[in-house]
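# Observations on the three-dimensional arrangement
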Amino acid sequence: MILQALSDYYRRKCDDPDPAQRLPVFGLEQKEIPFILEISAEGELLQLRDTREIQDKKKVARVFKVPMGIKKTSGVAANLLWDNAEYVLGVPDTKKLEESKLKDKESEYRERLKQMQASFVAKIQALSTTALQDAGIIAVLKFLQSANTERLECQPGWGDVLATNPVLSFRLHGDLDLVCQRPAVVQAALHTAGADDAPQAMCLVTGEQAPVERLHTAIKGVWDKPGAMALKNIVSFNARAFESYGKTERQGENAPVSRAAAFAYTTALNHLLRKDSPQRMQVGDASTVFWAERQDPFESIFGDIFTDNPDASTRAVQALLQAVHSGKWGQSDEHLRFYVLGLAPNAARISVRFFHCVTLRELGQRIAQHFEDLALVRGPHDAQYPSLKRLLQTVCLATSSQPFGDIDRLPPNLGGAIVDAIFAGENAPYPAMWLNAAVGRCRAEQAKKIQQGAHAQNVPYARAAVIKASLNRQIRRANLSAPPHLLEKEFLPMLDLSNPHPAYRLGRLFAVLEKIQEEASPGLNATIRDRYYGAASSTPVAVFTTLLRLKNAHLKKLSAGRTAQFEKLLGEVLGPVTDFPKHLPLPDQGRFALGYYHQRQDFFSKKTDDAPHPATDTEGTTA
């Protein structure tokens, strides 16, 4: 199903109305080529052109469509009219040359260089007679026959060529395309790609009898570790235990995929995973891509929804929610099928973390449910739709370089599991690890202070949103099979006066007791939260008797009217509580944190004249 969907996407992109967006046909591939050897018709070097441009403080080479490359092994195998400097010019790689000298194998390395360049020339000479008569091929062969490095040594980029062994190709002076892109060469490359002696079998993707691809092209855009891309396969066999009987060491024959189909799905997937692709997002170690069976505006909007860009994210989410709530999808077909594929690196190959095939309407509803689960009363400076990055950072330890949370400390598979839950449906629970981490950070940061010495919130907006979303999904899933008398009410975005759960009530109680202390003794360096929050949220019976006794001393410092207000509030909060539990499990500690957050936010919200909880404070808080 995955390979079929990717192959269909490849065929659609090959027919894209925009020529710049079309994918290469079978026999060609897209390749970054940092340097181009510009030559005359007589084969003389005119210029070593550097195609690299500065992007995000890095030099990025221009991408060209070139004949499909050979999957390199330890042997000598050249590509057609493009390859690294060792093959094209026979010049040694600086690092490899130094290593060979240290190992006393310099002569062997230089002999291998001769073989590599000879293989490169032989690859060109093996072209058809028609292709060999092309002016570009004639010029390239003349250059290779008379090539010397003296002219190259004068070029500005020659030092980089020696240092990095980059990919090189040729261009005839006066042409816009490379020599390998000339019509005669392209036709020869396509003919070579289709004519082979590979074994025939029924392709698992197309169902047709066709030559089987033994080694599939590597997938290049999946993160192996932060800042590094994996270069691995989805379909591969690296041990005999995975091979079928009679197909030992025959790789792709164990899962027959035709050469054309293998090229189609790998080209499509590499296109979706390319840098700055609007159809991919990175969460933890999971690289997620999404596409539709037909071209649609929502293909690119999903990338904006989960990006860490408040402006773009807000606009994209609002557009999606408006479409979901109104049922009007504009020019889009709500029954159009969308595919969501999550990939992660593994030791030997790329693993498929999740795959979902849903209609546009279902996909929109599931994303809308995600943001509805996160909806929470907030301060004026908190994002309405927090990004996945912020939601993951809030459960991580903050450092001086990562004040919102060091996401590198996150368990590697947590991000992918969260994305999977979002697209799996409204009743799919978020990973329990996410809730546990959020509750743990609330306890760990009970006495945290910011750089100016002021108290920092141990239950900030983003962390409370994570707790609410995780609990609501657990509740919905449990309610599916629970008898009517055991159904639990989901948490509201704001303070819920009717929620009778003891843990939620105790969280509210702790917030009220802290507020009483703050009003009784303004300017305190530490409140009961700094000393008692962790114990109150885990072992209430050991703490609340002491806190309620201290409360009486604090109330004596307040006016009679304010004391009466707090006594009335305490009575309302403690009404359904019959006893203090000895211990609260982690989900109930989350309910405690949410009750504490709701009650604190209620203190800092404006009240109407008939509000049951009057408060003097009217300023919003920030997370």
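Residues numbered from 1 in each chain as written. Predicted model: local features only at pLDDT ≥ 70, side-chain atom pairs only at ≥ 80, totals over all residues. Heavy atoms only, no water.

Each helix and strand in the protein chain was counted, giving 22 helices and 16 strands. Its C-alpha atoms give the protein chain a radius of gyration of 32 Å, clearly above 25 Å, the size a compact globule of 623 residues would have. In terms of principal-axis extent, the alpha carbons of the protein chain reach across some 100 × 50 × 50 Å. The buried share among the 623 residues of the protein chain stands at 50%. Considering only contacts within the protein chain whose residues lie at least 6 apart along the sequence, 68% involve residues at least 24 apart. Accessible surface, the protein chain as shown: approximately 30,000 Å² in total, 51% of it carbon and sulfur. (Helix = DSSP H or I, 4+ residues; strand = E, 2+ residues; numbered from the N terminus. Rg over C-alpha atoms; globule rule 2.2 N^0.38 Å. Buried < 20%, exposed > 50% of the residue type's maximum accessible area, 1.4 Å probe, protein only. Contact = heavy atoms within 4.5 Å. Areas by Shrake-Rupley, 256 points an atom, 1.4 Å probe, with all protein chains shown as cover.)

The next thing to look at is the confidence of the model for the protein chain. Looking at the protein chain as a whole, the pLDDT averages 86, with 93% of positions reaching at least 70. Here residues 609-623 scores under 50 on pLDDT; set against residues more than four positions off or in separate chains, the count is 39 contacts. (pLDDT = per-residue confidence, 0-100.)

Right, let's talk about the sheet that holds strand 7 (residues 82-84) for a bit. For sheets, the rule is that strands pair by backbone hydrogen bonds, running either parallel or antiparallel. Strand order in the open sheet made by the four strands is 3-2-8-7, with mixed pairing throughout. A strand with exactly one partner marks an edge of an open sheet, and here the two such strands are strand 3 (45-50) and strand 7. When the angles between neighbouring strand axes are averaged without regard to direction, this sheet yields 30 degrees. In terms of strand pairing, strand 2 (residues 35-39) meets strand 8 (residues 167-172) through five bridges, oriented parallel. Among the inter-strand pairings, Glu-38 is bridged to a residue of strand 8, identified as Arg-171. (Pairing = 2+ DSSP bridges. Axes fitted to C-alpha atoms, helices over the stretch in contact; angles between N-to-C directions.)

Spatially, the four strands line up as an open sheet ordered 13-14-15-16, and their pairing is antiparallel. Of all strands in the sheet, those with a lone pairing partner are strand 13 (280-283) and strand 16 (350-359), marking the two edges. Taking each pair of neighbouring strands and ignoring which way they run, the sheet shows an average axis angle of 20 degrees. Sitting on the sheet, helix 1 (residues 2-14) is in contact with strand 14 (286-292), strand 15 (337-345) and strand 16, with an inclination near 55 degrees to strand 14. Docked against the sheet, helix 10 (residues 259-272) engages strand 13, strand 14 and strand 15, running at close to 110 degrees with respect to strand 14.

Under the counting rule described, the total for this entry stands at zero disulfides. Cys-180 takes part in no disulfide bond, and the closest cysteine sulfur to it belongs to Cys-14, at a distance of 18 Å. We classify Cys-180 as buried; its relative accessible area is 1%. (Disulfide = S-S within 2.5 Å.)

Our focus in this paragraph is helix 15 (residues 414-424). Counted residue by residue, helix 15 has eight buried out of eleven residues, so it is predominantly covered. Backbone geometry just after helix 15 places Gly-425 at a positive phi near 140 degrees.

One finds Phe-302, Phe-510 and Phe-544 to be the most contacted residues of the largest nonpolar core, which totals 93 residues. Tallying contributions element by element places helix 18 (residues 502-520) first for this core, with ten residues. Setting aside residues up to four positions removed in sequence, Phe-302 forms contacts with Phe-290, Leu-320, Phe-338, Leu-360, Leu-363 and Ile-367. Formed by 46 residues, the second largest nonpolar core is a distinct cluster that contains Trp-82, Leu-113, Leu-144 and Leu-168. (Core = buried A, V, L, I, M, F, W, Y, C linked by side-chain atoms within 4.5 Å.)

A few words on unusual backbone geometry. The backbone of Asn-165 sits at a positive phi, close to 50 degrees, despite the residue not being glycine. Mapped onto the fold, Asn-165 is located in the loop between helix 8 (158-164) and strand 8. Relative accessible area serves as the criterion here: at 14%, Asn-165 is assigned to the buried category. In this model, Asp-276 sits at a positive phi of 65 degrees, which is unusual for a non-glycine residue. Relative to the elements of secondary structure, Asp-276 occurs in the loop between helix 10 and strand 13.

In this section: the packing of helix 18 against helix 20 (residues 544-555). Packing of helix 18 against helix 20 leaves a shortest axis separation of 9 Å and a crossing angle of 30 degrees. Our pair here, helix 18 against helix 20, has a crossing hand that is left-handed. Facing helix 18, whose interface residues are Leu-506, Leu-509, Phe-510, Leu-513, Ile-516, Gln-517 and Ala-520, helix 20 presents Phe-544, Leu-547, Leu-548, Lys-551, His-554 and Leu-555. Considered class by class, the residues forming the contact of helix 18 with helix 20 number ten nonpolar, two polar and one charged. (Left-handed = near helix turned anticlockwise from the far one by under 90°. Nonpolar A, V, L, I, M, F, W, Y, C, P; charged D, E, K, R; others polar.)

Another point: the pattern of salt bridges. This model, assessed by the stated rule, comprises 33 salt bridges. For the salt bridge of Asp-50 with Arg-52, the shortest nitrogen-to-oxygen distance reads 2.8 Å. You can call Asp-50 partly exposed: its relative accessible area is 35%. Of the charged contacts in the structure, one is a salt bridge between Arg-361 and Glu-334, with a shortest N-O distance of 3.7 Å. Taken together, the residues span a long stretch of sequence, with Arg-361 in helix 13 (residues 360-374) and Glu-334 in the loop between helix 12 (310-326) and strand 15 at a distance of 27 residues. The network of salt bridges with common partners includes Glu-293, Arg-294, Asp-333 and Arg-337. (Salt bridge = Lys/Arg side-chain N within 4 Å of Asp/Glu carboxyl O.)

Packing of helix 18 against helix 19 (residues 528-538) brings their axes to within 11 Å, and their N-to-C directions diverge by 165 degrees. The pairing of helix 18 with helix 19 is recorded here as roughly antiparallel in orientation. Remark: the crossing between helix 18 and helix 19 carries right-handed chirality. Each of Phe-510, Leu-513, Glu-514 and Gln-517 in helix 18 lies in contact with helix 19, whose residues at this interface are Ile-528, Arg-529, Tyr-532, Tyr-533 and Ala-536. (Parallel < 35°, antiparallel > 145°, perpendicular 65-115°, else oblique.)

Let's shift gears to the packing of aromatic side chains. This model, assessed by the stated rule, comprises 19 aromatic pairs. An angle of 90 degrees between the planes, with centres 5.9 Å apart, marks the rings of Tyr-10 and Phe-263 as edge-to-face. Taken together, the residues span a long stretch of sequence, with Tyr-10 in helix 1 and Phe-263 in helix 10 at a distance of 253 residues. Here Tyr-10 falls in the buried class, since its relative accessible area comes to 7%. Summarising the aromatic geometry, the rings of Phe-371 and Tyr-385 are spaced 5.6 Å apart at their centres and angled 85 degrees between planes, so their arrangement reads as edge-to-face. Linking Phe-371 in helix 13 with Tyr-385 in the loop between helix 13 and helix 14 (388-393), this pair joins segments that are 14 residues apart in sequence. (Phe/Tyr/Trp six-rings, centres within 6.5 Å; stacked < 30°, edge-to-face > 60°.)

Pairing geometry for strand 15 and strand 16, over nine bridges, is antiparallel. Bridging across to strand 16, Ala-344 finds its partner in Ser-351. Taking the residues between adjacent antiparallel strands as the criterion, strand 15 and strand 16 are bridged by four residues.

Of all six residues in strand 8, six are buried, a share of seventy percent or more. Neither face of strand 8 is open: one carries Val-167, Ser-169 and Arg-171, the other Leu-168, Phe-170 and Leu-172, and all of them are buried. Pairing of strand 7 with strand 8 involves three bridges; the strand directions are antiparallel. In the strand pairing of strand 8, Asp-83 is matched with Leu-168.

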